[in-house]
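# Working through the structure, step by step
The lines below spell out each chain.
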Amino acid sequence: MPSESSETEVSASMIDFLKKQHILLLHAGGDSKRVPWANPMGKVFLPLPYLAADDPDGPVPLLFDHILAISSCARQAYKNEGGLFIMTGDVLPCFDASSMVLPEDTACIITVPITLDIASNHGVIVASKTGNSDESFSVNPVANLLQKPSVQELNNHHALLDDGRTLLDTGIIAVRGKAWEDLATLSCLSQPFISQLLNTRKEMSLYEDLVAAWVPAKHEWLKSRPLGEELVRRLGKQTMYSYCAYDLLFLHFGTSSEVLDHLSGTGSGLVGRRHLCSVPATTMSDIASSAIIISSKVSPDVSIGDNSLVYDSSISSGVQIGSLSVVVGVNLPEKTDKFLLPDRHCLWEVPLIGCTERVIVYCGLHDNPKIPVSENGTFCGKPWEKVLEDLGIYENDLWSSREMCLWNAKLFPVLPYFDMLRLANWLMGLENNEENEGFYNLWKMSKRVSLEELHRSIDFPQMCLISSNHQADLAAKIAKACLTFGLLGRNLSQLCQEILQMEDSGEKICTNFLELCPNLQTKNSKIVPKSRAYQVQVDLLHACGNREKAIEVEHQVWAAVADETASAVRYGFKEHLFQSPNQTSSNGNGSNNVGQSQTFFHKKVKVELPVRVDFVGGWSDTPPWSLERAGCVLNMAITLDDSLPIGTVIETTQTPGLLITDDASNELYIKDISSIAAPFDDNDPFRLVKSALLVTGVVHDKNMGPDTSMGLRVKTWARIPRGSGLGTSSILSAAVVKGLLRLFDGDESNENVARLVLVLEQIMGTGGGWQDQIGGLYPGIKFTTSFPGIPLRLQVIPLLASPRLVTELQERLLVVFTGQVRLAHQVLQKVVARYLQRDNLLISSIKRLAELAKTGREALMNCHIDELGEIMMETWRLHQELDPHCSNQFVDSLFAFADRYCCGYKLVGAGGGGFALLLAKNVENALRLKRALEGNREFDVKVYNWSVCLDT
């Protein structure tokens, strides 16, 4: 054990670093004693901001997508102060972690009220009667911990709640403040602990022992455990609390039948039934549509029944798997004789230490390994008496003690693989009784193991290696097919991560895939966008470790997006956008009348526009999404402080050249307008006007040459804070484009301007979509849909808002500047890159945002403003899934402060700062919230006076 003085030798900077980290500890797989099919995944430590939950082939329903949402919410619950978040056991909890009220400087276990029948099979928390309570939660010190208690035990320990339920231990622990510091210090001194455990070959449960150290009633029990006294000494001074989340949905995965129930139950529509798998054509097999096949290869001539689960397996021809069955980690060779797994059975394989073959294990779906023979225990769904009678097996063949159950029955032979398969058919009762003697003799003479012995002898490193190689091989085959034949619809980045699990050959496989990239466009040039083909190349280069080349190709990705956007706006428009002046001088767009005198006409136009606030649908308007999929956005044009805050004045001058000025006192004179060419520097304050001159064709107008008698003066302003999220850049672009078109008698219709600004955003490098300019160009509240194709079509549907709706919105909706500034294009590039990678989580989130826009339109048309608040809340949650950094500690605190007054809130635009929308529950709450914000020095926000802009 380390001495007390050794604590001072621990690096203070290391402890400080650990204290600031958000750590998520996952322990998936459950209790393999109760879940014989489980594939233990071990423990994984991940910093929350970098937790990836994406998968290459569709959402995995059980864990990964849910973890991403939990991790984002947990960051908010921790207020960005660091801590530990543990999820352990065989459960999947579903709840909003951002609403948790975690006590500071201590550990907290998440609980939920549960009925006594469920509690009897789980851990129960006994909470003291002192603490804080609310309608949705309660926080109380933990008095005791009970494991699978009877009703009598619950009574004796005062564990029953007033409504007759008890507090279920969900397996989730949150650690903050001083308790987290203690753990961080302990982690720095843990090497002697680990060495002692390894030397003594003793086991220590992180979950049980850690919790017991914080609960005084468990200290005596803990002291008898390995290193228990040390844990009590170091952690025992802290108090553990119970956070009871009344709205938590508790899904237990402790048994195979529970897994199948959840997969085929009310949430079955969310289940990805084919994930990372190779499945033959339906005419060559009989696979039920309700069967779930994950990380598996299925050969032709295979039958899989309704609601069965096949995971991490290879199923050879001729195999039949019944309905409601579970197959895990099985590798049936192609030369396997016909094999049948009956309905409601489980089949799995495990490698044992010292064995060359993996042992085949099986049982009935509803068999409980711990129920004794004397209490009607079963094997393969039949009572043991019947099993023994049918097979001619004696009790002393299976058991050497009086405690006889499936758990300790020496049942499973360790033999060559095909012999184990034959005996599996026999033990499951599928062979003719005439051959019993031969099977019995082979079985009796073999080495046999029980489930208990299996559990203690599993070669976990080998199991993980077999599984990772199997999944990597599947991923490689899918990736190759995608690159050779497909439309690049898979997430190659995630497939590569699977492939790289093969340490010896993974990188070589990815390198070979790179050789296929030059052919991607030539084979599918009419279907596969260049931007997607380049992104595939970027992903493969990163997988091969060639970061420099990947960054180089990334520039081609963004150039392709801009090119595709220009093509979608109108035919032939893209040709001259990125050409230098000497290229344009010889074509029809350049000046071929240099030196000729032009008659000067003074013209002056002024364009003023409102800003927009978006309720829902953002991101679905952004290229390349909007070039390939429908987009739907619900937003509203507003004035601020009774004025239109964005505008421009453009006029012709007798002085040749271009003079640009803005409201920040920046000024630029360009003698030759035709010299303007993209790309522009990101720090160029005039790139917006320059880009507008390009997309409107003014740069190539023959009357704007250096030897003509006419020039331009452009003045712009945006009287709102920078980084507001109100669409300022795009709306100012729309104003300049509209002004230029009006000045030169071009098509200044709102639809044309909106589409030109879409191209302008790509030229500028900001990559925005169409919703901002639509929001500023069209008055009032509108629902806008885009239809992909060439040309891109926009349909703007104004909501004929009643005076009552407008009045109620203006009375209940607060438009608040947070004072936090963040530039949207940095977020946008990450989101667009994830879309080009075909990130399934991102795609499903944006689809949901587009659906919510339709729902929000209906809510507003029916004057259901409270429903709009619910939509805003879900929108805000989805935005945090798309970008975990779209919120921050200040924003989280602001929304927590406003929550009691509001039915909905969100940041406008991409988030990260700027303006917030706070929709109050009623007019009275709106007034109270406004007064509370204006009188609160902690936030120092500005509540703007605003109105719906009904005319532009």
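This text follows the structure it describes.
Overview of the structure. (Residues numbered from 1 in each chain as written. Predicted model: local features only at pLDDT ≥ 70, side-chain atom pairs only at ≥ 80, totals over all residues. Heavy atoms only, no water.)

Right, let's talk about the overall build of the protein for a bit. Each helix and strand counted, the protein has 33 helices and 41 strands in total. In the protein, the proportion of contacts linking residues at least 24 apart, taken out of those at least 6 apart, comes to 67%. (Helix = DSSP H or I, 4+ residues; strand = E, 2+ residues; numbered from the N terminus. Contact = heavy atoms within 4.5 Å.)

On the basis of which strands lie adjacent, the open sheet formed by four strands has the order β38-β39-β37-β40 and antiparallel pairing. Each having just a single partner strand, β38 (902–907) and β40 (942–944) make up the two edges of the open sheet. The sheet shows a mean angle of 25° between the axes of neighbouring strands, direction not considered. Where strand β37 (residues 813–817) lies against β40, three bridges are found, and the strand directions are antiparallel. Bridged to phenylalanine 817 within β40 is lysine 942. (Pairing = 2+ DSSP bridges. Axes fitted to C-alpha atoms, helices over the stretch in contact; angles between N-to-C directions.)

This part takes up the nonpolar core. Within the largest apolar cluster, 115 residues are counted, with the highest numbers of intra-cluster contacts made by Phe615 and Met636. In this view, phenylalanine 615 contacts Leu634, Asn635, Met636, Leu813, Leu860, Leu868, Met872, Thr875, Lys906 and Leu917; residues no more than four positions away in its chain are not counted. Val259, Ile321, Phe339 and Met420 belong to the second-largest nonpolar core, a separate cluster that totals 74 residues. (Core = buried A, V, L, I, M, F, W, Y, C linked by side-chain atoms within 4.5 Å. Buried < 20%, exposed > 50% of the residue type's maximum accessible area, 1.4 Å probe, protein only.)

The set of residues buried in helix α10 (residues 256–264) consists of Ser256, Ser257, Val259, Leu260 and Leu263. For α10, the angular spread of the buried residues around the axis is 155°, confining them to a single face. In the core, the buried residues of α10 are packed alongside β14 (292–294), β17 (309–311), β20 (326–328) and β22 (345–351). (Arc of directions from axis to C-beta.)

Moving on: the packing of helix α30 (residues 840–861) against helix α31 (residues 865–882). Remark: α30 packs on α31, axes separated minimally by 10 Å, with the N-to-C direction vectors making an angle of 165°. By the angle between their axes, α30 is roughly antiparallel relative to α31. Classified by chirality, the crossing of α31 by α30 is left-handed. Residues Leu841, Leu842, Ser845, Ile846, Arg848, Leu849, Leu852, Thr855, Gly856, Ala859 and Leu860 of α30 lie in contact with α31, whose contacting residues are Glu867, Leu868, Ile871, Glu874, Thr875, Leu878, His879, Glu881 and Leu882. Across the contact of α30 with α31, the residue classes tally to eleven nonpolar, five polar and four charged. (Parallel < 35°, antiparallel > 145°, perpendicular 65-115°, else oblique. Left-handed = near helix turned anticlockwise from the far one by under 90°. Nonpolar A, V, L, I, M, F, W, Y, C, P; charged D, E, K, R; others polar.)

Moving on to a positive patch on the surface. A cluster of basic side chains, namely Lys604, Lys606, Lys715 and Arg719, defines a positive patch on the protein surface. For lysine 604, the position within the fold is in strand β28 (residues 604–609). By relative accessible area, lysine 604 is classed as exposed at 56%. (Patch = residues over 30% accessible without salt bridge, like charges linked within 9 Å, V, L, I, M, F, W, Y side chains within 5 Å. Areas by Shrake-Rupley, 256 points an atom, 1.4 Å probe, with all protein chains shown as cover. Salt bridge = Lys/Arg side-chain N within 4 Å of Asp/Glu carboxyl O. Lys, Arg positive; Asp, Glu negative; His and termini not counted. Charge placed at Lys NZ, Arg CZ, Asp CG, Glu CD.)

Before going further, it helps to spend a moment on the environment of lysine 906. Here lysine 906 lies in strand β38. Sequence separation of lysine 906 and leucine 918 is twelve residues, and the distance between their C-alpha atoms is 6.9 Å. Once residues lying within four places of it in the same chain are set aside, the contact partners of lysine 906 are Asp614, Phe615, Met872, Thr875, Trp876, Phe895, Ala916 and Leu917. Within polar-contact distance, the side chain of lysine 906 engages the backbone oxygen of aspartate 614 at 3.1 Å. (Polar contact = N/O pair within 3.5 Å; in protein donor to acceptor, adjacent residues only side chain to side chain.)

Further remarks concern the side chain of serine 314. Tracing the backbone through its elements, the reader meets serine 314 in strand β18 (residues 314–315). The contacts of serine 314, once residues within four sequence positions are left out, are Lys297, Val330, Asn331, Leu332 and His470.

Quick look at the pattern of salt bridges now. Taken as a whole and assessed by the stated rule, the structure comprises 28 salt bridges. Residue aspartate 866 pairs with arginine 812 through a salt bridge whose shortest N-O separation is 2.6 Å. Linking aspartate 866 in helix α31 with arginine 812 in helix α28 (residues 803–812), this pair joins segments that are 54 residues apart in sequence. The exposure class assigned to aspartate 866 is partly exposed, which follows from its relative accessible area of 42%. Look at arginine 812 and you get buried, because its relative accessible area is 4%. In this structure, aspartate 839 engages arginine 834 in a salt bridge whose closest nitrogen and oxygen atoms are separated by 2.9 Å. Taking the relative accessible area as the measure of exposure, arginine 834 reaches 17% and is therefore buried. When salt bridges with common partners are traced through the structure, they connect Arg612, Asp614, Asp772 and Lys906 into a single cluster.

The next subject is the packing of aromatic side chains. Under the counting rule described, the total for this entry stands at 15 aromatic pairs. Taking 5.2 Å as the distance between ring centres and 80° as the angle between the ring planes, the aromatic pair formed by tyrosine 362 and phenylalanine 412 counts as edge-to-face. With tyrosine 362 in strand β23 (residues 358–364) and phenylalanine 412 in strand β26 (residues 412–414), this pair connects stretches of sequence that are 50 residues apart. No difference in accessibility class separates tyrosine 362 from phenylalanine 412, as the two residues are buried. Seen in terms of ring centroids, phenylalanine 897 and tyrosine 901 are 6.4 Å apart; in terms of plane orientation they differ by 50°. Their pairing is tilted. (Phe/Tyr/Trp six-rings, centres within 6.5 Å; stacked < 30°, edge-to-face > 60°.)

Another point: the sheet that holds strand β21 (residues 340–341). Pairing within the open sheet is parallel, and its four strands lie in the order β13-β16-β19-β21. Taken across any chain shown, the strands that pair with only one partner, and hence form the sheet edges, are β13 (286–287) and β21. Pairing of strand β19 (residues 320–321) with β21 involves two bridges; the strand directions are parallel. Each bridged residue has a counterpart across the sheet, and for glutamine 320 the counterpart in β21 is leucine 340.

Following both chains from N to C, one finds helix α17 (residues 492–499) and helix α20 (residues 530–543) inclined at 25°, their axes separated by 9 Å at the closest point. What the angle tells us is that α17 and α20 run roughly parallel. With respect to the hand of their crossing, α17 and α20 are arranged in right-handed fashion. Residues Leu492, Ser493 and Cys496 of α17 pack against Arg532, Val536, Asp539, Leu540 and Ala543 of α20. Partitioned by chemical class, the residues of the contact of α17 with α20 number five nonpolar, one polar and two charged.

Further remarks concern the state of the cysteines. Applying the stated criterion across every chain, the model contains zero disulfides. There is no disulfide at cysteine 346, and the cysteine sulfur nearest it, in cysteine 363, is 4.7 Å away. (Disulfide = S-S within 2.5 Å.)

Take the environment of threonine 283 next. As for its position among the elements, threonine 283 is in the loop between β12 (274–275) and β13. The class of threonine 283 is exposed, set by a relative accessible area of 74%. Sequence separation between threonine 283 and aspartate 301 is 18 residues; the distance between their C-alpha atoms is 9.1 Å.

Looking now at helix α11 (residues 384–391). One turn of an α-helix holds 3.6 residues; hence residues three or four places apart share an orientation. Along α11, the residues that are buried comprise Trp384, Val387, Leu388 and Leu391. Buried positions in α11, seen along its axis, are confined to an arc of 95° and lie on one side of it. Against the buried residues of α11 lie β24 (378–379), β25 (382–383), α12 (395–398), α13 (417–427) and α14 (436–445). Glycine 392, located one to two residues past α11, shows a positive phi value of around 70°.

Our next topic: unusual backbone geometry. A cis geometry characterises the amide bond from proline 623 onward to proline 624, with omega recorded as 5°. Turning to its location among the elements, proline 624 is positioned in the loop between β29 (611–616) and α23 (625–628). The omega angle of the peptide bond from alanine 678 to proline 679 is 0°, so this bond is cis rather than trans. Positionally, proline 679 belongs in the loop between β33 (667–670) and α24 (687–695). Positioned with a positive phi, aspartate 312 is a non-glycine residue whose angle comes to about 55°. Tracing the backbone shows aspartate 312 in the loop between β17 and β18. For aspartate 745, which is not glycine, the phi dihedral falls at a positive 60°. For aspartate 745, the location among the structural elements is in the loop between α25 (728–743) and α26 (750–764).

Everything listed is a geometric property; what it means functionally is a separate question.
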